[in-house]
Amino acid sequence: MNIQPLDPLRLSPPGTGPSADGTRLLARVRAAALAGETPHVAPRPVIDASWQRVMRIGIDPDRSTASDLLPAGELEHRRRSTALGELLPSLSQGLISVVQASQQIMVVTDEEGRVLWRDGDRGVMRKADGICLEAGAAWSEDTTGTNGIGTALELRRPVQVHSAEHFVRTLHDWTCAAAPVHDPRDGRLLGVIDVSGADSTFHPATLALVESVARLAEAELRDRHLMSVERLRSVASPILCRVGGRALAVDSHGWLAAVTGMPPVDRLPLPKSFRAGRRWLPSLGMCAVEPLPGGWLVRVEEAAAAGPDVAESAVSRVVLDLSSRRRSSVTVSGPAGRWTHELSPRHAELLYVLCVHREGRSAAELAADLFGDRTRTVTVRAEISRLRRHFAQVLAHRPYRFVDEVEVEVVPPPHPADLLPHSTAPAITAARRLPAQG
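Cut-off values and rules
Residues numbered from 1 in each chain as written. Predicted model: local features only at pLDDT ≥ 70, side-chain atom pairs only at ≥ 80, totals over all residues. Heavy atoms only, no water. Helix = DSSP H or I, 4+ residues; strand = E, 2+ residues; numbered from the N terminus. Buried < 20%, exposed > 50% of the residue type's maximum accessible area, 1.4 Å probe, protein only. Contact = heavy atoms within 4.5 Å. Areas by Shrake-Rupley, 256 points an atom, 1.4 Å probe, with all protein chains shown as cover. Pairing = 2+ DSSP bridges. Axes fitted to C-alpha atoms, helices over the stretch in contact; angles between N-to-C directions. Salt bridge = Lys/Arg side-chain N within 4 Å of Asp/Glu carboxyl O. Expected span 1.5 Å × (residues − 1). Arc of directions from axis to C-beta. Core = buried A, V, L, I, M, F, W, Y, C linked by side-chain atoms within 4.5 Å. Parallel < 35°, antiparallel > 145°, perpendicular 65-115°, else oblique. Phe/Tyr/Trp six-rings, centres within 6.5 Å; stacked < 30°, edge-to-face > 60°. Lys NZ or Arg CZ within 6 Å of the ring centre and 35° of its normal. 1 Å grid on protein atoms, 1.4 Å probe; cavity = no way out; pocket = protein on both sides within 12 Å on 5 of 7 lines; lining within 4 Å. Points joined across faces, edges and corners; volume = space filled by probe spheres on them. Nonpolar A, V, L, I, M, F, W, Y, C, P; charged D, E, K, R; others polar.

In this structure, what is going on with the overall build of the protein chain? I would like to understand it.
Within the protein chain, the secondary structure is distributed over 13 helices and 18 strands. Taken across its 438 residues, the protein chain has 50% of its residues classed as buried. Long-range pairs, those at least 24 residues apart, make up 57% of the contacts in the protein chain with a sequence separation of at least 6. Accessible area of the protein chain: about 20300 Å², with a carbon and sulfur share of 52%.

Here is the structure:
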């Protein structure tokens with residue numbers, strides 16, 4: 001029997017929120033799913049997947065949504081530390097008038113789902129206090145179950161959660177639409193913008209509005225970044241004119257501001273713990289690093305000056321850490337030390353496939369692994385080229401693989417179903433169906 005997903009947008013006539021009958025149907029679907037029964041109408045796939053995640057975690061559907069609030073000092077530190085603070089005027093301009101008119105509130109969280117700011121209808125904010133939707137509260141899936149904020153963080157894409165689609169019963173009188181905000185400088189997840197209110201305020205256009213505001217916020221961050229790179233370039237250019245040999249000026253995220261003596265690159269991969277002194281960089285070898293206002297001066301040492309075989313220092317071990325549902329990283333170790341690099345979702349997929357297939361994969365095989373389409377080889381080659389900027393010493397080609405001399409380890413999540421939860425790649429979805437180890 002073909003069971004159609006239950007979409008709140010289809011529970012009532014266009015332009016209106018879900019009807020009371022439709023909301024009750026949502027509740028019956030949820031009850032059946034939690035009881036392990038097959039409902040006559042399926043929940044939306046995004047909701048069903050979230051329910052499965054939080055049931056594996058062990059969230060009690062009848063629990064309270066209360067959480068320990070961040071201490072005032074920690075909350076203020078997080079507010080000052082995030083780039084989202086710079087965007088509050090733009091976020092307010094884009095959303096506050098709408099949420100006040102529709103009796104809702106705007107919530108901004110950090111990448112862990114901790115509420116940093118909120119604003120909007122005063123009456124709704126008082127009701128939000130009753131469900132602990134307040135500054136400093138935790139709203140990730142693993143603390144509060146399926147909800148707009150937590151599920152958007154898990155999926156790293158916009159999501160709307162209505163009434164009984166929330167896993168915890170306390171939230172069945174609420175509707176929320178949330179969209180993640182990423183830092184355009186490094187792709188890092190900064191947090192989530194959310195609009196929440198009573199379930200009667202549900203409107204299908206809310207999600208599109210929140211997503212648009214999130215994209216505008218990212219565009220503003222991108223503009224600010226370009227201005228900072230220009231400022232760094234004005235400082236670095238006269239310095240590079242006096243420097244002999246190969247040298248670059250990059251900002252704190254590795255984006256190029258100026259270069260001399262070598263071909264330009266868009267971005268220089270920097271280790272997480274980067275500081276002044278003699279530093280080994282995978283793509284350049286041994287370098288002398290000096291601070292600049294807003295970035296670094298990186299001077300490449302010639303092989304003779306850098307010591308014997310420094311430029312050819314072997315990498316001995318690569319650890320791909322996929323244990324977290326929110327972020328993935330790879331740690332590279334060798335005689336020159338170790339460094340860790342956070343991965344984009346696509347690069348995490350690629351490296352996982354190469355870890356599983358140590359014998360190597362052709363471009364067509366990788367295209368099938370990632371997209372289910374062997375013809376998308378151009379996309380695969382472009383992504384591999386980007387990866388090799390970071391990992392040139394450990395990745396070989398013809399076929400694409402890790403070099404034989406390197407020991408490779410994958411740190412998986414506790415349950416296979418949580419492997420790269422944002423991914424729709426055939427190779428990843430197949431791996432999620434494997435039985436749990438141990």
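Let's pick the thread back up.
Hey, could you run me through the sheet that holds strand β4 (residues 115-120) in this one?
Within a sheet, each strand pairs with its neighbour through backbone hydrogen bonds, oriented either parallel or antiparallel. The five strands lie next to each other as β4-β3-β7-β6-β5, forming an open sheet whose pairing is antiparallel. With partners counted over all chains shown, the strands left at the sheet margins are β4 and β5 (159-162), one partner each. Between one strand and the next, the sheet's axes are offset by a mean angle of 20°, whatever the strand orientation. Here strand β3 (residues 104-110) pairs with β4 via five bridges, running antiparallel. Directly across from I105, in β4, lies its bridge partner G120. In this fold helix α3 (residues 72-81) packs onto β3 and β4, with an angle of close to 80° to the strand it touches most, β4.

I would appreciate a short explanation of the pattern of salt bridges in the present structure.
Counted according to the given criterion, the structure contains 29 salt bridges. Among the ionic pairs, R188 bridges to D186, the shortest N-O distance being 3.8 Å. Residue classification places R188 among the partly exposed positions, given a relative accessible area of 36%.

Mind showing me how you'd approach the environment of I149 here?
One can find I149 in helix α7 (residues 148-155). Considered as a pair, I149 and G191 are 42 residues apart in the sequence and their alpha carbons are 8.9 Å apart. Every residue in contact with I149, bar those within four places of it in the chain, is listed here: V107, T109, G113, L133, W139, A178, V192 and D194.

Mind showing me how you'd approach helix α12 (residues 377-391) here?
For an α-helix, the turn length of 3.6 residues means that residues three or four places apart are oriented alike. The end-to-end C-alpha distance of α12, which contains 15 residues, comes to 20 Å, matching closely the 21 Å that a straight helix rising 1.5 Å per residue would cover. All of the buried residues in α12 are T377, V380, E383, I384, L387, H390 and F391. Down the axis of α12, the buried side of the element spans an arc of 125°, and every buried residue falls inside it.

Just checking my understanding: could you explain the pairing of strand β6 (residues 174-182) for this structure?
It is a general feature of regular strands that their side chains alternate between the two faces of the sheet. Of all the nine residues making up β6, nine are buried; the element is thus mostly covered by neighbouring parts of the structure. Burial of the side chains of β6 extends over both faces: W174, C176, A178, P180 and H182 are buried on one face and T175, A177, A179 and V181 on the other. Pairing analysis gives four bridges linking β5 to β6, with the strands arranged antiparallel. By the bridge assignment for β6, V161 is matched with C176. Pairing of β6 with strand β7 (residues 189-198), which is carried by nine bridges, proceeds in the antiparallel orientation. Opposite C176, over in β7, you have S196 as the bridge partner.

Please explain the nonpolar core as it appears in this structure.
Among soluble globular proteins, nonpolar side chains are generally buried collectively. One finds L320, L351, L366, F391, L395 and F402 to be the most contacted residues of the largest nonpolar core, which totals 37 residues. Those elements that place two or more of their residues in this core are β13 (317-321), β14 (328-334), β15 (337-343), α10 (345-356), α11 (363-371), α12, β16 (395-396) and α13 (426-432). Among the elements that take part in this core, α10 stands out by supplying seven residues, more than any other. The residues touching F391, leaving out its near neighbours within four places in the chain, are V330, V332, W339, H341, L343 and L351.

Explain the packing of α10 against α12 here, please?
The description of two helices packed together rests on the angle between their axes and the distance between the axes. One can describe the packing of α10 onto α12 by two numbers: an axis separation of 11 Å at closest approach and a directional angle of 85°. On the basis of their axis angle, the class for α10 and α12 is roughly perpendicular. Contacts from R346, H347, L350 and L351 of α10 reach α12 at E383, I384, R386, L387 and F391.

I would appreciate a short explanation of the packing of aromatic side chains in the present structure.
Here a ring pair, both rings aromatic, is described through the centre-centre distance and the interplanar angle of the planes. Summed over all chains, the structure comprises one aromatic pair. Where F274 meets W296, the ring centres are 5.3 Å apart and the plane angle is 85°; that geometry is what we call edge-to-face. In this pair, F274 sits in the loop between β9 (256-260) and β10 (277-281) while W296 sits in strand β12 (residues 295-300), placing the two residues 22 residues apart along the sequence. When sorted by exposure, F274 lands in the same class as W296, which is buried. When the ring centre of F371 is taken as reference, the NZ or CZ atom of R376 above it lies at 3.9 Å.

Looking at this structure, I do not really get the layout of surface pockets. What am I missing?
Here the idea is plain: a probe the size of a water molecule rolls over the atoms and shows the empty space left. In this structure, the largest pocket spans a volume of roughly 1100 Å³. Lining the largest pocket are 34 residues, with D186, G187, R267, H341 and E342 positioned closest to its centre. Listed by contribution, the elements that provide at least two residues to the lining of the largest pocket are β15, α10 and α12. For the lining of the largest pocket, a count of residues per class yields ten nonpolar, ten polar and 14 charged. Each pocket or cavity is described by its volume, and for the second largest pocket that value is around 370 Å³. Looking at the second largest pocket, it is lined by 20 residues, and the ones nearest its centre are S81, T82, A83, R185 and R188.

I tried to follow unusual backbone geometry on my own but got confused; where do I start?
A cis amide bond links R398 with the next residue in sequence, P399, at an omega value of 0°. By the secondary structure assignment, P399 is in the loop between β16 and β17 (401-402). Backbone geometry places Q103, a non-glycine residue, at a positive phi of 55°. Looking at the secondary structure, you find Q103 in the loop between α4 (84-101) and β3. Since its relative accessible area comes to 49%, Q103 is described here as partly exposed. One non-glycine residue with positive phi stands out, namely R398, at about 60°. Here R398 is to be found in the loop between β16 and β17. Owing to a relative accessible area of 76%, R398 belongs among the exposed residues under this scheme.

All quantities given are derived from atomic positions and should not be read as evidence of function.
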